[in-house]
Amino acid sequence: MSESLQTVVVRFMTMNDVPAVMDVDSLSLPTPWAKRSFQYELTENPASCLLLAEQQGENSQIVGFVGFWMLVDEAHISTLAVHPVHRQKGIGSQLLLEAIRQGNAMGARLVTLEVRLSNQSAINLYHKHGFEVVGRKVHYYMDNQEDAILMTLRDLRERIAVADGGVG
Ligand SMILES: CC(C)(COP(=O)(O)OP(=O)(O)OC[C@H]1O[C@@H](n2cnc3c(N)ncnc32)[C@H](O)[C@@H]1OP(=O)(O)O)[C@@H](O)C(=O)NCCC(=O)NCCS
């Protein structure tokens, strides 16, 4: 594990975290969630799971977050972002792996997501962690009519074993 990862802890999000999470969201995604959306996901939607990455230290700081919805046996990634200053240090991977771990614990047999066709960083991240392209939704994103790439991970337990240092 790298030095940076040792100081970043992933935990469940609470309503108190929402302002800091919204800061990361607005710096990261073209259509960030409103406060009401986080509130709904955290307090009213039983299918929703939201996690965040917090850099430990004297002034602990929220540096990223991930969400998914449990839809029967499928964990569907709803959001993922890392603060621009803290990217390419493994935090996105740490968040994604924890979402996979939580989804597996909640009974998911597969993890699914949509990603913008132009978002090569995220597509690379998902490929790195075993996701495969399974489809495309034309003009899926309403803000710019961009296509979405659909990606799926089927081997959750293998991914978790690899992350834990096992053979997989
Ligand atoms: C996508 C995102 C979450 C990745 O977070 P991160 O903490 O930088 O990711 P990691 O450091 O764990 O990188 C893991 C892999 O992702 C890929 N990746 C990350 N940043 C990349 C970049 N700038 N260019 C190309 N590939 C990149 C690489 O494959 C990398 O593996 P490597 O380090 O072995 O090359 C981050 O770039 C982000 O927040 N982007 C804006 C929001 C977003 O696009 N969210 C996804 C919506 S579907």
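Residues numbered from 1 in each chain as written. Predicted model: local features only at pLDDT ≥ 70, side-chain atom pairs only at ≥ 80, totals over all residues.

**Quick word on the site of the ligand**
Taken together, the neighbourhood of the ligand is formed by 20 residues, with R87, G92, S93, N124 and L125 sitting nearest. When residues in the shell around the ligand are grouped by element, the largest group, 6 residues, is from helix α5 (residues 120-128). (Near = placed C-beta within 6 Å. Helix = DSSP H or I, 4+ residues; strand = E, 2+ residues; numbered from the N terminus.)

**Section: the sheet that holds strand β6 (residues 132-137)**
The 7 strands lie next to each other as β1-β2-β3-β4-β5-β7-β6, forming an open sheet whose pairing is mixed. Every other strand in the sheet has two partners, leaving β1 (8-12) and β6 as the edge strands with one partner each. Sheet twist, expressed as the average angle between the axes of neighbouring strands with direction ignored, equals 25°. Sheet topology note: the strand β3 (residues 61-71)/strand β4 (residues 74-82) ladder contains 8 bridges and is antiparallel. Paired with L71 across the strands is E74, a residue of β4. The sheet contacts of helix α2 (residues 18-28) involve β2 (48-55), β3 and β4, and relative to β3 the element is tilted by about 85°. (Pairing = 2+ DSSP bridges. Axes fitted to C-alpha atoms, helices over the stretch in contact; angles between N-to-C directions. Contact = placed C-beta atoms within 7 Å.)

**Points about the environment of S60**
Here S60 is to be found in the loop between β2 and β3. In this structure S60 comes out as exposed when scored by C-beta crowding, with 12 C-beta atoms within 10 Å. Sequence spacing of S60 and D164 is 104 residues, and the spatial spacing of their C-alpha atoms is 26 Å. If we ignore the near neighbours within four places in the chain, the residues touching S60 are E54 and Q55. (Buried ≥ 20, exposed ≤ 12 C-beta atoms within 10 Å, placed from the backbone.)

**Regarding the nonpolar core**
Counting residues in hydrophobic clusters, the biggest one holds 35 residues, and the most contacted among them are V21, L51, F65, V66, L95 and A99. Mapped by element, the contributors of at least two residues to this core are α2, β2, β3, β4, α4 (91-105), β5 (110-116) and β7 (148-153). Sequence-distant contacts of L95, defined by excluding residues within four places in its chain, comprise V10, L51, A53, G64, F65, V66 and L80. (Core = buried A, V, L, I, M, F, W, Y, C linked by C-beta atoms within 7 Å.)

**Details of the pairing of β3**
Two elements, β2 and β3, share 8 bridges in a ladder whose sense is antiparallel. Bridge pairing links E54 to I62 in β3. Here β3 folds back onto β4, and the loop between the two strands holds 2 residues, one of which, V72, carries a positive phi near 55°.

**What about the packing of α4 against helix α6 (residues 156-163)?**
Across the interface, α4 lies against α6 with an axial gap of 10 Å and an inter-helix angle of 130°. The angle between α4 and α6 places the two elements in the oblique class. The handedness of the crossing between α4 and α6 is left-handed. The segment α4 lies against α6, with L97, I100, R101, G103 and N104 engaging L156, R157, R159, I160 and A163. Class assignment of the residues belonging to the contact of α4 with α6 gives a composition of 5 nonpolar, 2 polar and 3 charged. (Parallel < 35°, antiparallel > 145°, perpendicular 65-115°, else oblique. Left-handed = near helix turned anticlockwise from the far one by under 90°. Nonpolar A, V, L, I, M, F, W, Y, C, P; charged D, E, K, R; others polar.)

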